[in-house]
Amino acid sequence: MLFPLIVCLTLCRPPLSDRAKRMISLYGGPSGLYRGLLPGVMRSMFANGSSMVVMQWAQKKVSELGWRKPSSTTPPDDCSVE
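Residues numbered from 1 in each chain as written. Predicted model: local features only at pLDDT ≥ 70, side-chain atom pairs only at ≥ 80, totals over all residues. Heavy atoms only, no water.

Before going further, it helps to examine the overall build of the protein chain. Regarding its fold elements, the protein chain presents 3 helices and 0 strands. For the protein chain, the succession of helices and strands along the chain, N to C, is α-α-α. Here the protein chain holds 82 residues, and 10% of them are scored as buried. Working note: accessible area of the protein chain is about 7400 Å², and carbon and sulfur atoms make up 65% of it. (Helix = DSSP H or I, 4+ residues; strand = E, 2+ residues; numbered from the N terminus. Buried < 20%, exposed > 50% of the residue type's maximum accessible area, 1.4 Å probe, protein only. Areas by Shrake-Rupley, 256 points an atom, 1.4 Å probe, with all protein chains shown as cover.)

Dropping the structure here:
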């Protein structure tokens with residue numbers, strides 16, 4: 001979320017280059033530079049969230065099939081905590 005702000009501040013710092021002036025006027029002012037931010041954030045949240053769900057499902061299946069050794073950080077099953 002910080003990257004678009006940095007890009008805008010970089011483009012808008014004095015003196016404005018001709019390219020920055022054209023971009024700002026083309027997109028309708030400084031707020032026009034953020035026009036696609038919300039759809040992009042929504043798309044990345046959906047893509048990352050769904051990939052995490054698939055990754056957890058795959059890890060569960062791999063563990064069920066016994067293809068993965070238990071990690072050394074998990075205590076053994078016969079260990080009781082008092």
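Turning next to helix α2 (residues 18–26). Buried within α2 we find A20, M23 and I24. Summarising the axial view, the buried residues of α2 lie within an arc of 95 degrees, below the 170-degree limit, and thus occupy one face. Exposed residues lying more than 90 degrees from the buried face of α2 are D18, R22, S25 and L26. Among the residues trailing α2, G28 stands out with phi positive, at a value near 85 degrees. (Arc of directions from axis to C-beta.)

Before going further, it helps to examine the confidence of the model for the protein chain. In the predicted model, the protein chain carries a mean pLDDT of 78, and 74% of its residues have values of at least 70. Taking the mean pLDDT of every element in the protein chain, the minimum, 73, falls on helix α1 (residues 2–12) and the maximum, 92, on helix α3 (residues 37–65). (pLDDT = per-residue confidence, 0-100.)

What follows is about α3. Here α3 contains 29 residues, and its C-alpha end-to-end distance of 42 Å stays within 8% of the 42 Å for a straight helix at 1.5 Å per residue. Remark: G66 follows α3 within two positions and exhibits a positive phi of approximately 80 degrees. (Expected span 1.5 Å × (residues − 1).)

Attention now goes to a nonpolar patch on the surface. On the surface, L2, L5, I6 and L9 cluster together into a nonpolar patch covering about 380 Å² of accessible area. Relative to the assigned elements, I6 resides in helix α1. Its relative accessible area of 44% is what places I6 among the partly exposed residues. (Patch = residues over 30% accessible without salt bridge, like charges linked within 9 Å, V, L, I, M, F, W, Y side chains within 5 Å. Salt bridge = Lys/Arg side-chain N within 4 Å of Asp/Glu carboxyl O.)

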